[in-house]
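# Descriptive structure summary
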Amino acid sequence: MYVIGIDLGTQSLKGLLVDSTGKIIAEASCAHDPVYPNPAWAEQVVADWIHSFKSVVHQLLAGSGVAPEEIGTIGMDAINDSVVAVDKDGKPLMNSIIWLDRRAEAEIREIAARISHERVFEVTGLNLDSSHTAAKMLWIKKNRPDVFAQCKSILNVDSFMVHWMTGESVVDYAQASASMLYNVTKKQWDDEMAEIFSLDPSLLGRIGRPEEVCGHLSAYAARELGLTTKTKVIIGTGDEHAACLGAGLVKPGMVCDITGTAEPVAAVADKPVFDTIGHLVETHHHADARWWLIENPGFVSGGTTRWFRDRVLRFDNYDIMNVLAETSPVGSNGVTFLPCMGGAMTPTWNGNARGTFTGLTLNNRFEDLVRSVFEGISFGLRDNVDRFEEIGMNCSNVRIVGGSTKSPFWCQMKADLLGKPMTATKSAEGAAIGAAMLAGVAEGNFSGLDEAAEAMVELGATYEPDPAKKAAYDEAYARYRECYKAMEPFFHQCYQDKEEQL
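Counting restarts for each chain, with residues numbered from 1 along the sequence as it is written. Totals for whole chains, interfaces and linings use every residue, but because this is a predicted model, local features are given only for residues with pLDDT of at least 70 and side-chain atom pairs only at 80 or more, for both listing and counting. The basis for every side-chain value is the complete set of heavy atoms in the structure, and neither hydrogens nor water enter the calculation.

## Here we look at the overall build of the protein
Threshold: For helices the rule is a DSSP run of H or I covering at least 4 residues; for strands it is a run of E covering at least 2, with both sets numbered from the N terminus onward. Throughout, radius of gyration means the C-alpha value; the globule benchmark is 2.2 Å times the number of residues raised to the power 0.38. When a residue's accessible area, from a 1.4 Å probe over protein chains only, is under 20% of the maximum for its type it is buried; when over 50% it is exposed; and in between it is partly exposed. We call two residues in contact when some of their heavy atoms are within 4.5 Å. The method behind every accessible area is Shrake-Rupley, applied with a 1.4 Å probe, and residues are considered shielded solely by the protein chains displayed. Note on charges: Lys and Arg go in the positive column, Asp and Glu in the negative column, and His and the chain ends are not counted at all. Throughout, a charge is located at the NZ atom of Lys, the CZ atom of Arg, the CG atom of Asp or the CD atom of Glu.
A count of helical and extended segments in the protein gives 17 helices and 24 strands. Relative to the 2.2 N^0.38 estimate, which gives 23 Å for 502 residues, the radius of gyration of the protein is 22 Å and therefore close to what a compact globule would have. By its C-alpha atoms, the protein is 65 × 50 × 45 Å across when sized along the principal axes. Counting only residues that meet the buried cut, the protein has 62% of its 502 residues in that class. Pairs at least 24 apart in sequence give 73% of the contacts found in the protein among residues at least 6 apart. Taken as a whole, the protein presents about 18,200 Å² of accessible surface, with 50% of it coming from carbon and sulfur. One way to put it: in the protein the 45 positive side-chain charges average out to a point 2 Å from where the 67 negative ones average out.

Here is the structure:
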């Protein structure tokens, strides 16, 4: 039987129709955009996701000629750290608060007065930070009591889509581990965290493995999608977790640079590993339930390049950015860009950080600004890979998946900056491939994720580092670190309390 893998991202939904051998038969996508109603807020109209989902499934069927009754299983992944409040009928009560949103800074400060950051990290593997799910849930409880009173569930986005398809409220181990309500070592909801946040973790659903079949399409969902009620639906997972599967990270000792709207950097471990140096990288579960994923959500990556293209360049073409950036030397002629367009998760976690250009002189050209955008985002990759190595993780095998695989210039920049070879996946759609791998395992097309990866993950170019550029990149990277350090007090002074004035 065929399976469908769906990747619901920040700016689009992408789908793959895959046969029983793992061969991709059809691909489709549909764009949607977040809304930004206030500074540091980010939301999504939930109906846009449903429209994108239906459009993509219809495209896959029409483009492949595969009959609806031949679709065995649907696998879904979606953006992390995002919530949808639903009523008893499963209807959204407000726009989704998505991962880019930082409105819960005040709530996090209140929690920090009751429990130490260190204790939260010890139990959950996470930083006490407004980006995480429980912070957004608490904001709804405190600031939208009308909504909270009607809530039956507050679901992750993939969980919401599964609920829309099946009526089931479920969440996988990986998404649960990003909630701040979960004990990452014991693999269960944590009573202490639930009490501290005054939240019932069951609002997020029952926990299970991502490849677990949780139901079949309801009659309504089947009609809307053009499928049948025979199609099964799995629990699914987060997009960065699925992207790691799609890059072939199904064993420890591998690192993945995931370039979407954000740029998570993740490493696979066979046991919980905690960054006791400075909590830069967090401890999550992998979509492959055998392993843990040590990761950092990274800067707003593709979101920043799109912002620069649309709002500054005003061209509808990323190739122009690459051409312009290549004409500027390593270090961007002294220009440094901090890509903190949605706060910062690196080199420190700081929800008050903001995007910044520094070092401009009358000698600079527009091309220097363009290159500094690529470099600033890439510096965050080095922050995290350096920390992985500092806590004893093997970073010799680094893969790139996502949008930057389409830019050899950017991939080479990252290899030069790290001083390590980097291998790109052949397809940029790593998360959708990961979702299809999970669906394929559930359907019985593969015995497990190892076999699914062997069949479906294709590697592309390997980028070898240029030693001649190391000194220049080291200098530019050191400048970025000093710039961020200097700006942190300013961020704190100017932006800490802005959300309370909205």
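After that view, the rundown keeps rolling.
## Some remarks on the packing of aromatic side chains
Operational definition: Ring pairs shown here join Phe, Tyr and Trp side chains whose ring centres sit within 6.5 Å, with only the six-membered ring taken for Trp; geometry is labelled stacked below 30 degrees between planes, edge-to-face above 60, and tilted in between. Two limits define a charge over a ring: the Lys NZ or Arg CZ must be within 6 Å of the ring centre, and within 35 degrees of the ring normal.
Tallied over the full model, the rule gives 16 aromatic pairs. Here the aromatic cluster, defined as three or more aromatic residues joined through ring pairs, consists of Trp-307, Phe-308, Phe-337, Phe-357 and Phe-366. The ring centre of Trp-139 lies 4.6 Å from the NZ or CZ of Arg-103, which sits over that ring. One cation-aromatic arrangement involves Arg-309 over Tyr-318; the distance from NZ or CZ to the ring centre is 4.3 Å.

## As for the pattern of salt bridges
Worth spelling out the cut-off: For this analysis, a salt bridge means a side-chain nitrogen from Lys or Arg found within 4 Å of a carboxyl oxygen belonging to Asp or Glu.
Scanning the model with the defined rule gives 34 salt bridges in all. Ionic pairing is found between Arg-309 and Asp-316, a salt bridge with its closest N-O pair at 3.5 Å. By relative accessible area, Asp-316 is classed as exposed at 68%. Here the salt bridges share partners, and the residues they tie into one network are Asp-33, Arg-306, Arg-309, Asp-310 and Asp-316.

## Brief notes about the pairing of strand E16 (residues 255–259)
Here is the rule we go by: Two strands qualify as a pair provided that DSSP identifies no fewer than 2 bridges between them.
Among the five residues that make up E16, five are buried, leaving the element largely enclosed by the rest of the structure. Burial along E16 is two-sided: Val-255, Asp-257 and Thr-259 and Cys-256 and Ile-258, pointing in opposite directions, are all buried. Sheet analysis places E16 next to strand E22 (residues 398–402), joined by five bridges and oriented parallel. Paired with Thr-259 across the bridge in E22 is Gly-402.

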